[in-house]
Amino acid sequence: MELSTDSGMSRIVIDIGMPLVTPDRQPFDWHHYKNLSQEQLIEQKVLPSISGLYSGQTPCVSAVILSHAHQDHYGFLRFINPDISLYMSSGTRSLVEVSNIFLDTDVNLDRTETFLTWQPFRVGEFRITPYLMDHSAPDAAAFLVEADGQRLFYTGDFRGHGRKRVLLERLRENPVSDIDCLVMEGSMIGRDEGRYPDETAVEQAIYDVITKQQSYTFIFCSSQNLDRLVSIYRAVKRARKTLVIDLYTAFVLDKLSSLSPSIPQFGWRQIRVLYAYSHAQKLAEYDKELLYRYRKAKIEWDEMQSTPPDMVILSKDNRYFRITLQKLSASGKAKAIYSMWHGYLERTNMVQLLESQGIELTEIHTSGHAFTEDLKRLASSLNPRCLVPIHTFYPERFEGLHGNVMQLNDGELECTPIIGQMGLGEPGGASRSSPD
Ligand SMILES: [Zn+2]
């Protein structure tokens, strides 16, 4: 989303994500595009056409501001002109740094300012106040953006059923007043809300599976979804088992430890760290000392083999998982829990792989995005003069959430006395939805 003031002196871009789907709504695969030049990416509408934003152009965007560290919100940060300032929360910055080390995201963070939530900051003629939100990415923010006597509130991605649900309750009870324009996500609109209403239900369901388990449990979860890792750890602790995490996860949790004392850490009881060669190599390239730091929690294959029912192994759909299955000769009695968006499961052959090993798979997940009822309640509490849908496949259904909905298509510019100038920069339709 691009915003500019009446004078044209200040322009900001909020979030610069990688698409999740192509314009015909097929999964977006970056590997098909990564060899294209920046110009070709803009031409093919993969990158939004925003003048003065990218490397090699004369910079004329005041700043890029990130709501949170999900690829569909920051995945194209690497193309931003390095002379343009970036603003993000400290948690978001930590995750971008982690991705630079492990995922080769190649983001230049030299000109990064970290903001504190609820502390306003200025970018040119804009005054921006970040609000901490409940989302599956830690330290996610919404923004109140003020300029030219107008007030715009962008929700970012959020929900009201995670471990920080109180944030949404507080925002509803003490709403930001006098909002001219509310830009609100709607990923869950038109989507099945699933059988688990919140993180507590997820935690209980995971506990129910692992407590009775007589062999290994493999649990699939993103290492950056801290709410879910807390749920998993609490279930594991209650079942008196051991959570085995990989080096990458140990590093993520360590790096984000200052955000909350409840984020599980490698030194805690019932947490052990499995060293994969590829992770160890990347971590050593960054800082060799870290390999020693996590060593006291290191677990070896033979220890895992000696007590299979005790082992709850955090897993990813990658080559290392296949190696783990072999090393542990896991089949038959082992179980798998898929604690991620169902759509990811459809994109791989994981179901067939587990079936071939006789490993039973259970899906236990709740979305990182607000249910429709929570969207409606927030829109009603904030009571904006107009609402602009974003991050949804069904912008037309927002009519049922608010009396004055203004639909803007991607690339479309709106200049009205209500909201100044605003453009949705995402190519391929504003109708983009987020998986998690
Ligand atoms: Zn997100």
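Preceding block: the structure.
Quick summary incoming for the structure in this document. (Residues numbered from 1 in each chain as written. Predicted model: local features only at pLDDT ≥ 70, side-chain atom pairs only at ≥ 80, totals over all residues. Heavy atoms only, no water.)

### Structural notes on the sheet that holds strand S12 (residues 242-246)
Spatial strand order, S13-S12-S14-S11-S15-S16: 6 strands in an open sheet with parallel pairing. With one partner strand each, in any of the chains shown, strand S13 (271-274) and strand S16 (360-363) form the two edges of the open sheet. Ignoring which end each strand starts from, the neighbouring axes of this sheet average 25° apart. In the sheet, strand S11 (residues 217-220) pairs with strand S15 (residues 335-338) via 4 bridges, with the strands oriented parallel. Counted as the bridge partner of Ile-219 is Ile-337 from S15. Against the sheet, helix H5 (residues 199-212) makes contact with S11, strand S14 (311-315) and S15, and its axis sits at roughly 175° relative to S15, the strand it touches most. Here helix H6 (residues 226-238) sits on the sheet and contacts S11, S12, S13 and S14; the angle it forms with S12, its principal contact strand, is near 145°. (Pairing = 2+ DSSP bridges. Helix = DSSP H or I, 4+ residues; strand = E, 2+ residues; numbered from the N terminus. Axes fitted to C-alpha atoms, helices over the stretch in contact; angles between N-to-C directions. Contact = heavy atoms within 4.5 Å.)

### Thoughts on the coordination of the zinc ion
With distances of 2.2 to 2.3 Å, the protein atoms coordinating the zinc ion are His-68 (NE2), His-70 (ND1), His-135 (NE2) and Asp-157 (OD). Taken together, the 4 donor atoms coordinating the zinc ion span angles of 89 to 163° at the metal, a pattern that classifies the geometry as irregular. Within one chain, the residues donating to the zinc ion are spaced in sequence as H-x1-H-x64-H-x21-D. Of this pair, His-68 sits in the loop between strand S3 (63-65) and helix H2 (71-74) while Asp-157 is found in the loop between strand S9 (150-154) and helix H4 (166-173), placing the two residues 89 residues apart along the sequence. In this pair, the class of His-68 matches that of Asp-157, namely buried. (Donors = N, O, S within 2.8 Å, 3.2 Å for Na, K, Ca; no water. Tetrahedral: all angles 85-135°; square planar, octahedral: opposite > 155°, others 65-115°. Buried < 20%, exposed > 50% of the residue type's maximum accessible area, 1.4 Å probe, protein only.)

### With respect to the packing of aromatic side chains
Counted according to the given criterion, the structure contains 19 aromatic pairs. An angle of 75° between the planes, with centres 5.4 Å apart, marks the rings of Tyr-131 and Phe-153 as edge-to-face. Of this pair, Tyr-131 sits in strand S7 (residues 126-133) while Phe-153 is found in strand S9, placing the two residues 22 residues apart along the sequence. Under the relative-accessibility criterion, Phe-153 is labelled buried at 0%. Among the aromatic residues, those joined into a ring-pair cluster are Tyr-216, Phe-218, Phe-220, Phe-321 and Tyr-338. Seen from the ring of Tyr-394, Arg-397 lies directly overhead, with NZ or CZ sitting 4.1 Å from the centre. (Phe/Tyr/Trp six-rings, centres within 6.5 Å; stacked < 30°, edge-to-face > 60°. Lys NZ or Arg CZ within 6 Å of the ring centre and 35° of its normal.)

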